[in-house]
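Fold and geometry: a report
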Amino acid sequence: MSDAVVDIRRLWTVFRNGDKKSVVHKDLDLTVERGEVMSLVGGSGTGKTVLLRQMLGLETPTRGEIMVLGKPAAELSKRGAASRVGMLFQQGALFSAFTVLENIAFPLRELGTLPAALIREAAMVKLQMVGLGPEVAGKMPSDLSGGMVKRVALARALIMDPPLLLLDEPTAGLDPESADSFCALLRTLHQGMGLTVVMVTHDLDTIFELSTRIAVLADQKVIINDLPEKVVAFAHPFIQTFFLGERGQRAMALLHPPANPSPN
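Residues numbered from 1 in each chain as written. Predicted model: local features only at pLDDT ≥ 70, side-chain atom pairs only at ≥ 80, totals over all residues. Heavy atoms only, no water.

1. Section: the overall build of the chain
The criterion, for reference: Numbering goes from the N terminus for both helices and strands, where a helix is a DSSP run of H or I of at least four residues and a strand is a run of E of at least two. Note on exposure labels: buried denotes an accessible area under 20% of the residue type's maximum, exposed denotes more than 50%, and partly exposed covers the range between, all computed with a 1.4 Å probe on protein chains only. In this analysis, two residues are considered to be in contact whenever any of their non-hydrogen atoms come within 4.5 Å of each other. All accessibility values rest on the Shrake-Rupley procedure with a 1.4 Å probe; residue burial counts only the protein chains present in the view.
When you go through the chain residue by residue, the secondary structure sums to 9 helices and 10 strands. Considering the chain as a whole, with its 264 residues, one finds that 48% of them fall into the buried category. Sequence-distant contacts in the chain: of pairs separated by 6 or more residues, those separated by 24 or more amount to 64%. In the form shown here, the chain has an accessible surface area of approximately 13300 Å², with 53% of it arising from carbon and sulfur atoms.

2. Concerning the packing of helix α2 (residues 100–111) against helix α4 (residues 146–157)
Which entries qualify depends on this criterion: Angles here are taken between N-to-C directions and fall from 0 to 180 degrees, while the axes themselves are lines fitted to C-alpha atoms, restricted in helices to the stretch in contact. Convention used here: angles under 35 degrees read as roughly parallel, angles over 145 as roughly antiparallel, angles from 65 to 115 as roughly perpendicular, and any remaining angle as oblique. Two helices crossing with the near one rotated counterclockwise from the far one by less than a right angle form a left-handed crossing, whereas a clockwise rotation gives a right-handed crossing. In this count, Pro and Cys sit with the nonpolar residues alongside Ala, Val, Leu, Ile, Met, Phe, Trp and Tyr, while Asp, Glu, Lys and Arg are called charged and the others, Gly among them, polar.
The geometry of α2 relative to α4 is characterised by a closest axis approach of 7 Å and an angle of 30° between their N-to-C directions. Classified by the interaxial angle, the pair formed by α2 and α4 is roughly parallel. In terms of crossing hand, the pair formed by α2 and α4 is right-handed. Only V152, A155 and R156 of α4 make contact with α2, whose side of the interface consists of V100, N103, I104 and P107. Per-class residue counts for the contact of α2 with α4 are 5 nonpolar, 1 polar and 1 charged.

3. Focus: the sheet that holds strand β10 (residues 221–226)
For sheets, the rule is that strands pair by backbone hydrogen bonds, running either parallel or antiparallel. Formally: Pairing between strands is defined by DSSP: at least two bridges between them are needed.
Pairing is mixed across the open sheet formed by 6 strands, whose spatial order is β6-β7-β8-β3-β9-β10. Single-partner strands in this sheet number two, and they are β6 (85–88) and β10. When strand polarity is set aside, the average angle formed by the axes of neighbouring strands in this sheet is 15°. Here β6 runs beside strand β7 (residues 164–168); their pairing, made up of 4 bridges, is parallel. Its bridge partner lying in β7, V85 is registered against L164. Lying on the sheet, helix α1 (residues 48–55) is in contact with β3 (37–42), β6, β7, β8 (196–200) and β9 (213–218); it crosses β3 at an angle near 140°. The strands touched by α4 within the sheet are β6 and β7, with β6 carrying the most contacts at an inclination of about 165°.

4. Remarks on helix α3 (residues 116–129)
Owing to its 3.6 residues per turn, the α-helix brings residues three or four apart onto one side. Stated precisely, the cut-off is as follows: One fewer than the residue count of a helix, multiplied by 1.5 Å, yields its expected span. The directions considered for the arc are those from the helix axis to the C-beta atoms.
The end-to-end C-alpha separation of α3 is 20 Å, in line with the 20 Å expected for 14 residues at 1.5 Å each. Within α3, burial applies to I119, A123, K126 and L127. The arc that holds the buried residues of α3, viewed along the axis, is 105°, so those residues lie on one side. When the buried face of α3 is taken as reference, the exposed residues oriented beyond 90 degrees from it are A117, E121 and Q128. Just beyond α3, the residue with positive phi is G131, at close to 85°.

See the structure below:
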């Protein structure tokens, strides 16, 4: 029995604008195994976020197959899908007219099967899990810092304990300290909840800090899907520019600092 949480085969994504046709993905294959943290990276226009939305069932590919947790991704648009896949959108996408607690509880309330007291209790537990106290529950999104918005959105994505979590630029817009703190939180939740995580990010520190594997999108497909050290060694112009430039070298040095020289 396959242990794949996401299995994509021969995927084509084609966008049409009048007589013009743009092929974003062509015969793309990708497998995400249970329990891993996979980063999707690629240049502008390679369809990273589009691929996330297709995994979530929000967009339909032109051709090919996407299986998520053993079922077609198209079924994720049905009621109760949040119990299978959680999604953290780039800017949080909180409802501005809802309080923090109402935002977190929203997927459970939509089910309409649980008493209000139980829903509130579950939302408060998730609020605590993302490192926020009960004093935040009644605040509005406009009262939150960028880091707090990300944490509230993460709590909402996890309210139904889904086995798969999708992240779109999870540390975008955060200062370095907040980004480090959010990465530490994601690592703790990944381990504690047994999550499988797929994230799109340009942040090299986040990639090297969290990824168990990296899938690189280029030339309309996944050109390599492997361990970070093997991806960095793969010969391709995008990888040379993205990972082996000054920023990439600095991020890898922070992750693997040189050993202290032995005293003479």
